[in-house]
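# Examination of the molecular architecture
Each chain, letter by letter, is given below.
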Amino acid sequence: MQSKVLSEIHTNIYEHPMVTKQVWENFTEEDHSTWKFLFERQAVVLKNRACDEIIEGMEKLDICNDKIPKMEDINAILKRETGFSVVAVKGFIPEDLFFKFLRERKFPSTCFIRKPHQMDYLEEPDIFHDIFGHVPLLVNPIFADFMEEFGRKGLQSIECGLLKYAAALYWFTVEFGLIKTANGLRIYGAGITSSKGESIYCLESEIPARVKYNIFRTMKTNYHIDSFQKSYFVIENYEELFKSVRSLNWREMQEALKQFPQIDQGIYVNELEKVT
Ligand SMILES: [Fe+2]
């Protein structure tokens, strides 16, 4: 009975009209050149700025500069490492579908790549953001477990009418998270790793607040979709992230989430949360 239910979920999400297949042969030479330019530029910027797990993931998955990766090649390795795989989608997908994929250890990735005039800014995710930014960390077993758990908790947030808090949490962790390491702060968020300007700014600018990660505090912080962040949340390690999401109970937390005022970016609510 259980396997039938799971297979139905599986079939349904694959039949969604936003789900597609990567037709790698359709990429043009200009597309591959765009990938190469972005890859090589970020390889320089991310040295000593990205966390080791991202670099290890890139190497294991053999993501390199010369061509846009084939999703089937990535999946052959990724499935073996953590059971995750990439699913091609046409663009933004509904939140519930996104979370259902995560719950099934599938990561939705766009197929198209930006045009040369969009090298520095793109409103929607493209394959460079999704594959270069997100996929390397899925090789890490704890981060992979965290993403699966996020899918489960994301779906529950919709049922509880608390999606906006799950969205803020995703934003400040998966997209814009920083991690403490023995060598100082490092980047793990994909929104940062795929952006030259923000990769430097998030670690070196005096402007943003670097705040000790706390799940409630993170979910209550307003986020900006059209400018660099003024607050970054710093985790100690991926276990901390995974455990915080695994123990998240929306029903217990919903009153506090609704009553506590929203927090602006760029401030510390106390000295203890300051990461120096
Ligand atoms: Fe993303």
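Provided above is the structure to which this section pertains.
So, here's what we can say about the structure. Remember, it's a predicted structure, so these values are computed and weren't measured experimentally. (Residues numbered from 1 in each chain as written. Predicted model: local features only at pLDDT ≥ 70, side-chain atom pairs only at ≥ 80, totals over all residues.)

Another aspect to go through is the overall build of the chain. When its secondary structure is counted, the chain shows 13 helices and six strands. The C-alpha radius of gyration computed for the chain amounts to 18 Å, which stays within 12% of the reference 19 Å derived for 276 residues, consistent with globular compactness. For the chain, the spread of C-alpha atoms along the principal axes amounts to about 55 × 50 × 30 Å. By the burial criterion, 39% of the 276 residues in the chain qualify as buried. For the chain, the proportion of contacts with a sequence separation of at least 24, taken over those separated by at least 6, is 68%. (Helix = DSSP H or I, 4+ residues; strand = E, 2+ residues; numbered from the N terminus. Rg over C-alpha atoms; globule rule 2.2 N^0.38 Å. Buried ≥ 20, exposed ≤ 12 C-beta atoms within 10 Å, placed from the backbone. Contact = placed C-beta atoms within 7 Å.)

In this section: the environment of Pro 136. When you line up the elements, Pro 136 lands in the loop between helix H6 (127–134) and helix H7 (141–159). Taking the C-alpha atoms as reference points, Pro 136 and Lys 60, separated by 76 residues in sequence, lie 8.3 Å from one another.

Here we come to the packing of helix H5 (residues 95–103) against H7. Their axes nearest at 7 Å, the elements H5 and H7 cross at an angle of 145°. Handedness of the H5/H7 crossing: left-handed. Contacts between H5 and H7 involve Glu 95, Asp 96, Phe 99, Lys 100, Phe 101, Leu 102 and Arg 103 from the former and Met 147, Glu 148, Phe 150, Gly 151, Arg 152, Gly 154, Leu 155 and Ile 158 from the latter. In the contact of H5 with H7, the residues fall into seven nonpolar, two polar and six charged. (Axes fitted to C-alpha atoms, helices over the stretch in contact; angles between N-to-C directions. Left-handed = near helix turned anticlockwise from the far one by under 90°. Nonpolar A, V, L, I, M, F, W, Y, C, P; charged D, E, K, R; others polar.)

Taken together, the four strands give an open sheet; going across it, the order is E4-E3-E6-E5, and neighbouring strands pair in mixed fashion. The open sheet terminates on both sides in strands that have one partner only, identified here as strand E4 (184–187) and strand E5 (209–212). With direction set aside, neighbouring strand axes in the sheet form an average angle of 40°. In this structure, strand E3 (residues 178–181) lies alongside strand E6 (residues 231–235), joined through two bridges in parallel fashion. Along E6, the bridge assignment pairs Leu 178 with Val 234. (Pairing = 2+ DSSP bridges.)

Another aspect to go through is H6. Of all eight residues that make up H6, eight are buried, and the element is covered over most of its length. For H6, every residue scored as buried is listed here: Ile 127, Phe 128, His 129, Asp 130, Ile 131, Phe 132, Gly 133 and His 134. Those residues of H6 that are buried lie in contact with helix H2 (29–46), strand E2 (106–110) and helix H9 (190–193).

As a further point, take the pairing of strand E1 (residues 85–89). Counting buried residues along E1, four of its five residues qualify, which places the element largely inside the surrounding structure. Here five bridges tie E1 to E2, and the two strands are oriented parallel to one another. When the sheet's bridge partners are listed, Ser 85 is paired in E2 with Lys 106. Since E1 and E2 lie parallel, the crossover through H5 that links them has a hand, and here it is right-handed. (Right-handed = clockwise from strand over helix to strand, strands pointing away.)

In this section: the nonpolar core. Grouped together as the largest cluster of nonpolar side chains are 65 residues, with contacts concentrated most on Leu 138 and Phe 146. Looking at this core element by element, the count peaks at seven residues for helix H8 (residues 163–175). Non-local contacts of Leu 138, meaning those with residues more than four positions away in its chain, are made with Leu 78, Thr 82, Phe 84, Phe 107, Phe 143, Ala 144 and Met 147. (Core = buried A, V, L, I, M, F, W, Y, C linked by C-beta atoms within 7 Å.)

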